[in-house]
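Coordinate inspection notes
This is what each chain is made of:
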Amino acid sequence: MAAMIVDKRDEKIIHLIRPDVQKMQTSHVPPSRGMIKLDARENPYTWPAYLRGEWLEEMQAVSLNRYPDPESTDLKARLRQVFDIPHNMELMLGNGSDELIQIISLAMRGAGRKVLAAVPAFSRFQMISAYAGMEFVGVPLNEEDFSLNMPAMLAAVKQHQPIVTYLASPNNPTGNIYTRDEIAQLLGATHGLVVVDESYFGFSGESMMSQLACYDNLLVMRSLSKMGLAGLRLGYLMGNPRWINQINNLRLPFNINTLTQFTAEFALNYFDVFEEQIEQVRRDRVWVAENISRLKGVEVFPSEANFILFRVAKGRANAVDAALRQKGILLRNLSDESPLLRDCLRVTVGKPSENVAFISALTSSV
Ligand SMILES: *Cc1c(COP(=O)(O)O)cnc(C)c1O
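Residues numbered from 1 in each chain as written. Predicted model: local features only at pLDDT ≥ 70, side-chain atom pairs only at ≥ 80, totals over all residues. Heavy atoms only, no water.

In this structure, serine 204 sits in helix H9 (residues 201–204). Taking relative accessible area as the criterion, serine 204 reaches 11% and is therefore assigned buried. Once the C-alpha coordinates of serine 204 and valine 286 are considered, the two residues, 82 residues apart in sequence, prove to be 13 Å apart. Excluding residues that lie within four positions of it along the chain, serine 204 makes contacts with Pro170, Ile177, Arg282 and Glu304. (Helix = DSSP H or I, 4+ residues; strand = E, 2+ residues; numbered from the N terminus. Buried < 20%, exposed > 50% of the residue type's maximum accessible area, 1.4 Å probe, protein only. Contact = heavy atoms within 4.5 Å.)

Here it is in structure tokens:
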């Protein structure tokens, strides 16, 4: 009897939920308890004890009975200051840059409208375009170094007339940056919006932010996740007020909760602590890359981000991934995600001790 009721309910749900949604698959996060977690491009460092203490102390004054400031006024002022955001550019915050991609998609969606990105890319570009009912066009990167295939990109812009083009630089999962010239060429070629995703700008030092005034179809998106605040969920979108004010119409008023506003502002007051952590990761990135490249039959791709992509011997990726997992090390196996990533794994740069454990485990696994 109960089973029958469930069946009927299932049928009703199947009837009512959008058919394209029913076909979607949510990605799952692997269990990581007790593992050395090098799969998610996180900053491995927590806060020094004095900072934690001060944070908890100051947090006592935070009122959770009140709604958050819908404009995140203080936090935005601090972001402008710390990151030198041009005064004539508008700023909008998201619950992670994930949410910004979602809001951009809501603002730009429409019948026949397409989204373009060079692939392999951050999977959310494609996923959220699908949520919004837009067709996603992925143009493969050059196989040898994951640089943009400019003739193919320009041809795709011409053919598909994308309403939005996403360019992540440094790109995830490949780690390389796209040149300013290439981005400029695409900005000139498309009639649509170009969103340059600079989630890893802290690790590369490259940015299109200073170019915002030069183009009327450029937005720059960043995130505090990779520099050490992934759990807070804070992304920011910068650009011409004419763009941002329109897109901002679709933002829910309280998307940035009080604890995030308070904590992010607090953390940005101590930005030098995070800068030191980022510097450490950049230094250790060199060490990890060198040590992977010493292994026979393994190819390392240069990275401007906080992770390193490498290719193991043909057909070995799954076995290497399993062997590392067995030794308590979690990284990301990308071998089946794209023909360009065949036999490729991605490791996040961890603490020195974690990197040593990773290299030692990898050495006995490849
Ligand atoms: C991690 C990542 C994001 C998402 O960042 P959140 O702010 O944590 O949502 C966006 N783009 C790229 C390319 C990323 O790698």
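The subject of this paragraph is the domain arrangement of the chain. Segmenting the chain into domains produces domain 1 (31–48 + 272–363) and domain 2 (67–268). Taken together, the contact between domain 1 and domain 2 spans 21 residues of the former and 29 residues of the latter. Across the domain 1 to domain 2 interface the summed buried area is about 2,100 Å²; carbon plus sulfur atoms make up 67%. Linking domain 1 with domain 2 are zero salt bridges, by the criterion used here. (Domains from an automatic or database assignment. Buried area = accessible area lost by both parts, 1.4 Å probe. Salt bridge = Lys/Arg side-chain N within 4 Å of Asp/Glu carboxyl O.)

So, about helix H7 (residues 150–160). Among all positions in H7, only Met150, Met153, Ala156, Val157 and His160 are buried. The buried residues of H7 occupy one face: seen down the axis, they fall within an arc of 125°. Seen from the buried face of H7, the exposed residues on the opposite side, beyond 90 degrees, are Pro151, Lys158 and Gln159. As for H7, its buried residues are in contact with strand S3 (114–119), strand S4 (135–140), strand S5 (164–168) and helix H8 (180–189). (Arc of directions from axis to C-beta.)

The next point concerns the site of the ligand. Contacts to the ligand come from 14 residues, most closely from Asp197, Tyr200, Ser223, Ser225 and Lys226. Note that an oxygen atom of the ligand is positioned 2.6 Å from one of the side-chain N or O atoms of tyrosine 200. Within the side chain of serine 225, an N or O atom sits 2.6 Å from an oxygen atom of the ligand. Look at the ligand: alone it shows 390 Å² of surface, and the protein chains cover 96% of it. Counting residues per element, the ones that place at least two in the shell around the ligand are helix H5 (97–108) and helix H10 (225–229). Of the residues belonging to the shell around the ligand, the class tally is three nonpolar, six polar and five charged. (Near = heavy atom within 4 Å. Polar contact = N/O pair within 3.5 Å; in protein donor to acceptor, adjacent residues only side chain to side chain. Areas by Shrake-Rupley, 256 points an atom, 1.4 Å probe, with all protein chains shown as cover. Nonpolar A, V, L, I, M, F, W, Y, C, P; charged D, E, K, R; others polar.)

Our focus in this paragraph is the layout of surface pockets. Roughly 330 Å³ of internal volume is contained in the second largest pocket. The element that contributes the greatest number of residues to the lining of the second largest pocket is H10, accounting for three residues. Residues that form the lining of the second largest pocket fall into these classes: seven nonpolar, six polar and three charged. Built from parts of two domains, the lining of the second largest pocket gets at least three residues from each of domain 1 (31–48 + 272–363) and domain 2 (67–268). (1 Å grid on protein atoms, 1.4 Å probe; cavity = no way out; pocket = protein on both sides within 12 Å on 5 of 7 lines; lining within 4 Å. Points joined across faces, edges and corners; volume = space filled by probe spheres on them.)

This brings us to the sheet that holds strand S13 (residues 344–348). The antiparallel open sheet is built from four strands, whose spatial order is S9-S10-S13-S12. At either margin of the open sheet sits one strand with a lone partner, and together these are strand S9 (299–300) and strand S12 (332–333). Relative to S13, strand S10 (residues 307–311) runs antiparallel, the two being bridged by five bridges. When the bridges of S13 are listed, isoleucine 308 appears paired with valine 347. Set on the sheet, helix H13 (residues 271–293) makes contact with S9, S10 and S13; between it and S10 the angle comes to about 10°. (Pairing = 2+ DSSP bridges. Axes fitted to C-alpha atoms, helices over the stretch in contact; angles between N-to-C directions.)

Enumeration according to the criterion identifies 14 aromatic pairs in this entry. Aromatic pair phenylalanine 83 and phenylalanine 201: ring centres 5.5 Å apart, planes at 75°, arrangement edge-to-face. Separated by 118 residues along the polypeptide, phenylalanine 83 in the loop between helix H4 (73–82) and strand S2 (90–94) and phenylalanine 201 in helix H9 bring together distant segments of the chain. Judged by its relative accessible area of 8%, phenylalanine 83 is buried. Their ring planes at 45° and their centres at 5.1 Å tell us that phenylalanine 266 and tyrosine 270 sit as a pair that is tilted. As far as burial versus exposure is concerned, phenylalanine 266 and tyrosine 270 are alike and both buried. (Phe/Tyr/Trp six-rings, centres within 6.5 Å; stacked < 30°, edge-to-face > 60°.)

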